[in-house]
Amino acid sequence: MASAQEINNRMKSIQDTMKITNAMYMISSSKMRQARASLEATEPYFFAQQRAISRFIDDIPDSRDIYFGKDIPPEEMTRGYIVVTADKGLAGAYNHNVLKLAEDEISKPGRTKLYVIGELGRQHFLSKHMDVDGTFAYTAQNPTMFRARRIQDEMQELYLSDELDEVYIIYTRMVTPFQMEPVIWRMLPLNRGMYQKTEEEQNLKYTPQMNFHSTIEAVLDQLIPNVVAGYIYGALVESFASEQNSRMMAMQTATDNGEDMVRDLQIEYNRVRQSGITQEINEVVAGAKAQQKKKS
């Protein structure tokens, strides 16, 4: 059985660790709230752009615009995957789940190219000797619209130059504060089905007449890159918020486990102290009896 001093030292060590997990919980909570607020502030702008595309798309149902697809057989396509992970761990199953989804997608037949956001993801794929075609450093921990546009510019250039025929982003979406799930989203080419008019818009008897100083295709060519950048920014922020939320849950679990361990150690400490006190009393009693026998 451990001594009282050893148990006391162990309790102090656990309590010091609990201070760290509590601090990490508070930091992650603050970062998550800031990320969600940033996303909510920019969502109306990108939703308005998506609605504009849905209005335009009915006027060009047979458009051969490159942003709506290429005439390439599926087996000959080169697909690019942007995988959003974290730069550090201690976030539960956050990184594991998104990496597993990415590996499942990459293992499918066809040519693929991998682009990784987050140091943990990059190290994971390199450890498996998988080619990482591009990385976007310092993006996972500080998602901004500027960085989203940089990613969009690079991927759009690869798409338009036929180096990539489809572009996907794999990230983590926060469904509820207690449920995060990895998802995959095709950014390019755009899916026409995602831009159908709402039922309310379809029931309108009259729709406003729109005049274009240029062609509708030219307008879409300017509008669609902004929408794609909005998708990327939303995915980055959702992933960042999910990471912080996962870390909050992991730190809360660690703190709760620490409290249970301290409680069990406190009971063990009391038993050891009680045993020590009982032994001391027995030694005093035995000494007193020995003195009485000596006198007699």
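Our subject is the structure that appears above.
Cut-offs and rules
- Residues numbered from 1 in each chain as written.
- Predicted model: local features only at pLDDT ≥ 70, side-chain atom pairs only at ≥ 80, totals over all residues.
- Heavy atoms only, no water.
- Helix = DSSP H or I, 4+ residues; strand = E, 2+ residues; numbered from the N terminus.
- Buried < 20%, exposed > 50% of the residue type's maximum accessible area, 1.4 Å probe, protein only.
- Salt bridge = Lys/Arg side-chain N within 4 Å of Asp/Glu carboxyl O.
- Pairing = 2+ DSSP bridges.
- Right-handed = clockwise from strand over helix to strand, strands pointing away.
- Contact = heavy atoms within 4.5 Å.

1. Some remarks on unusual backbone geometry
Phi is mostly negative for residues that are not glycine, and the peptide bonds are mostly trans. Following Leu188, the chain continues to Pro189 via a peptide bond in cis, the omega torsion being -5 degrees. Turning to its location among the elements, Pro189 is positioned in the loop between strand 5 (179-188) and helix 5 (199-202). The phi angle at Leu90 is positive, at roughly 60 degrees, despite the residue not being glycine. Secondary-structure assignment places Leu90 in the loop between strand 1 (78-84) and helix 2 (94-106). The exposure class assigned to Leu90 is exposed, which follows from its relative accessible area of 56%.

2. Topic: the pattern of salt bridges
Per the counting criterion, the structure on display carries eleven salt bridges. For Asp165, the salt bridge goes to Lys70, with nearest N and O atoms at 3.6 Å. On the criterion of sequence distance, the pair formed by Asp165 in the loop between helix 4 (145-160) and strand 4 (166-176) and Lys70 in the loop between helix 1 (4-57) and strand 1 is long-range, its members being 95 residues apart. Residues joined in a network through salt bridges with shared partners are Lys70, Asp162 and Asp165.

3. Details of the pairing of strand 1
Extensive coverage of strand 1 is indicated by the burial of seven of its seven residues. Of the two faces of strand 1, the one holding Thr78, Gly80, Ile82 and Val84 and the one holding Arg79, Tyr81 and Val83 are both buried throughout. As defined by bridge partners, strand 1 adjoins strand 2 (residues 111-117) across seven bridges and the pair is classed as parallel. Paired with Ile82 across the two strands is Tyr115, which belongs to strand 2. Each parallel crossover has a hand, and for strand 1 linked through helix 2 to strand 2 it is right-handed. As paired strands, strand 1 and strand 4 are joined by five bridges and run parallel to one another. Bridge pairing in strand 4 links Gly80 to Val167.

4. Examining the environment of Tyr171
Tracing the sequence through the fold places Tyr171 in strand 4. The exposure class of Tyr171 is buried, given its relative accessible area of 14%. Separated by 63 residues in the primary sequence, Tyr171 and Gly234 place their C-alpha atoms 10.0 Å from one another. Each residue touching Tyr171, except ones within four places of it in the same chain, is listed here: Val84, Val98, Glu181, Pro182, Val183, Trp185, Ala235, Glu238 and Ser239.

Treat this as a map of the structure, not an account of what it does.
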